[in-house]
Amino acid sequence: MRALLSGYYGKGNGGDEALLATLLQMLPPHVTPVVLSGNPDQTRDRYGVESHNRMAVSAVLQALRSCDAFIWGGGSLIQDVTSAINPFYYGGLMTLAQKMGLKTVAWAQGIGPLKRPQTRWLARQTFASCTKVSVRDRASAALLSDWQIPCLLAPDPVWALESKPVPGLWDLPAPRVAVTLRSHPQLTEMRLANLTRALADFQKATQTFILLLPFQKSEDLGIAEAIQPQLKDVSQIMCLEDPQLLKGVYRGVEMVIGMRLHSLIMAAAEGCRCFALSYDPKVNRLMEDLEMPGWDLAAIPEQPNLISTTWMEHYANGDPLSPEQIQSLVDRALMHRELLSEALIT
């Protein structure tokens, strides 16, 4: 069986690459993956899979015709906040696959926000026609329940991604704290300046080594480069593109301050303390589910000393997830694998 995988792949986003790596890890052995990517050569080289340009119409149509199944490969694909075009691109592909008679799977989805009536209608139609649906949060499950569409609810599959050790990590000074910030309208110049000052104060008080981890260079690297001069000899920017290495870096980190959802999931899965800075409802959902401390970006204190003392308190007294909690999340995340096995029987 051949399955066409569609997601935000090949765009340099560590979280989406982690979802792809996990999906490839979870596919049944009899399924050959074909991946639609923004960078097919890179995807082909990194994962050893057949890959085609996600925006090349003829290549996409040819790939659909050559496949027996179509999979929405995880994450917040069906939402109209960051882009009004996204749901029509992914929804259009799903509709086409369904009309062509392929088995269709909406896998590990985080649905919404859906602000526009037309995107809500399209989402409802495509999810209702899927062979199987799994979601990663309760809000998505509740929305599908309202639409009377059955689904599996399980933790984000990246909880179960196999990590790899990072060469050279243990040569860096310890203890280490990782920071992942991304550009966002609510991360104003003033808020970034306050966070940077707070981070410098936190570092001095704790004598930690700061790892600045851009998850998507186009969105995150500029911010890391703006922060680093304030932490000249006690920090390093580390760009890791292999998602298994990206997860593996958290094996050697004591605490994480993160905006990106998958920076927090990967860190929590490796036993780190986590402090969230939320820019999106999906991060708030994770904070609620794990009772993870943090702030919405719009509610970050204006005083750097209050920010730094809050981080110091969590560093000194906060608890990571217990091994039992982590194992439970990993075991439940593997339910996404079982759903693939059920959906993709020959």
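Calculation rules
Residues numbered from 1 in each chain as written. Predicted model: local features only at pLDDT ≥ 70, side-chain atom pairs only at ≥ 80, totals over all residues. Heavy atoms only, no water. Helix = DSSP H or I, 4+ residues; strand = E, 2+ residues; numbered from the N terminus. Expected span 1.5 Å × (residues − 1). Buried < 20%, exposed > 50% of the residue type's maximum accessible area, 1.4 Å probe, protein only. Polar contact = N/O pair within 3.5 Å; in protein donor to acceptor, adjacent residues only side chain to side chain. Salt bridge = Lys/Arg side-chain N within 4 Å of Asp/Glu carboxyl O. Axes fitted to C-alpha atoms, helices over the stretch in contact; angles between N-to-C directions. Parallel < 35°, antiparallel > 145°, perpendicular 65-115°, else oblique. Left-handed = near helix turned anticlockwise from the far one by under 90°. Contact = heavy atoms within 4.5 Å. Nonpolar A, V, L, I, M, F, W, Y, C, P; charged D, E, K, R; others polar. Pairing = 2+ DSSP bridges. Right-handed = clockwise from strand over helix to strand, strands pointing away. Core = buried A, V, L, I, M, F, W, Y, C linked by side-chain atoms within 4.5 Å.

## What to know about helix 1 (residues 14-26)
The terminal C-alpha atoms of helix 1, which comprises 13 residues, lie 18 Å apart, in line with the 18 Å expected from a rise of 1.5 Å per residue. Inspection of helix 1 places Gly 14, Gly 15, Asp 16, Glu 17, Ala 18, Leu 19, Leu 20, Ala 21, Thr 22, Leu 23, Leu 24 and Met 26 among the buried residues, and these make up the whole buried set. Two to three positions downstream of the cap, the backbone nitrogen of Gly 15 sits 2.9 Å from a side-chain oxygen, assigning the N-cap of helix 1 to Asn 13.

## Examining the pattern of salt bridges
The final tally for this structure, using the stated rule, is 16 salt bridges. For Arg 44, the salt bridge identified is with Asp 41, shortest N-O distance 2.7 Å. Placement of both Arg 44 and Asp 41 in helix 2 (residues 40-47) is noted, with a separation of three residues, approximately one turn of the helix. A residue is classified by how much of its surface remains accessible, and Asp 41, at 48% relative accessible area, is partly exposed. Notably, a salt bridge pairs Arg 116 with Asp 80, separated by 3.8 Å at the nearest N-O pair. Taken together, the positions of Arg 116 in the loop between strand 5 (103-109) and helix 5 (117-128) and Asp 80 in the loop between strand 4 (69-75) and helix 4 (86-99) put the pair 36 residues apart, joining distant regions of the chain. Among the residues examined, Asp 80 registers a relative accessible area of 2% and is labelled buried.

## Quick look at the packing of helix 7 (residues 189-206) against helix 12 (residues 304-317)
Helix-helix packing is characterised by the crossing angle of the two axes and by the distance between the axes. Between helix 7 and helix 12, whose axes approach to 8 Å, the crossing angle comes to 45°. With respect to helix 12, the element helix 7 is oriented oblique. In the packing of helix 7 onto helix 12, the handedness of the crossing is right-handed. Listed contacts from helix 12 to Asn 194, Leu 195, Arg 197, Ala 198, Leu 199, Asp 201, Phe 202, Ala 205 and Thr 206 of helix 7 are Pro 304, Ile 307, Ser 308, Trp 311, Met 312 and Tyr 315. Here the residues of the contact of helix 7 with helix 12 sort into ten nonpolar, three polar and two charged.

## Re the sheet that holds strand 10 (residues 235-237)
Within a beta sheet, neighbouring strands are joined by backbone hydrogen bonds and run either parallel or antiparallel to one another. An order of 10-9-8-11-12-13 is seen for the six strands of this open sheet, with the pairing classed as parallel. Edge positions in the sheet fall to strand 10 and strand 13 (294-296), since each has one partner strand and no second. Taking the axes of each pair of neighbouring strands and ignoring which way they run, one obtains an average angle of 15° across the sheet. Two strands pair when backbone bridges link them, and strand 11 (residues 255-258) and strand 12 (residues 273-278) are joined in this way by four bridges, in the parallel orientation. Along strand 12, the bridge assignment pairs Gly 258 with Ala 276.

## Notes on the pairing of strand 9 (residues 209-212)
Neither face of strand 9 is open: one carries Phe 209 and Leu 211, the other Ile 210 and Leu 212, and all of them are buried. Sheet analysis places strand 8 (residues 176-180) next to strand 9, joined by four bridges and oriented parallel. Bridging across to strand 9, Val 179 finds its partner in Leu 212. In this fold, strand 8 hands off to helix 7, which returns the chain to strand 9; that crossover is right-handed. The pairing of strand 9 with strand 10 spans three bridges and is parallel. In the strand pairing of strand 10, Leu 211 is matched with Gln 236. Handedness of the crossover is the feature at issue here: the chain leaves strand 9, passes through helix 8 (residues 217-227), returns alongside strand 10, and the resulting connection is right-handed.

## Remarks on the nonpolar core
One finds Leu 5, Ile 71, Trp 159, Tyr 250, Leu 277 and Trp 311 to be the most contacted residues of the largest nonpolar core, which totals 95 residues. Beyond its immediate stretch of four places on either side in the chain, Trp 159 contacts Lys 247, Ile 265, Ala 268, Ala 269, Leu 286, Leu 290, Leu 321, Leu 329, Val 330 and Ala 333. Grouped together as the second largest cluster of nonpolar side chains are 30 residues, Val 34, Leu 93, Ala 106 and Ala 123 included.

## Side note on the sheet that holds strand 2 (residues 32-37)
Strand order in the open sheet made by the seven strands is 3-2-1-4-5-6-7, with parallel pairing throughout. Among the strands making up the open sheet, the edge pair consists of strand 3 (50-53) and strand 7 (152-153). The pairing of strand 5 with strand 6 (residues 132-135) spans three bridges and is parallel. If you follow Val 105 over to strand 6, its bridge partner there is Lys 132. Lying on the sheet, helix 1 is in contact with strand 1 (2-6), strand 2, strand 4 and strand 5; it crosses strand 4 at an angle near 135°.

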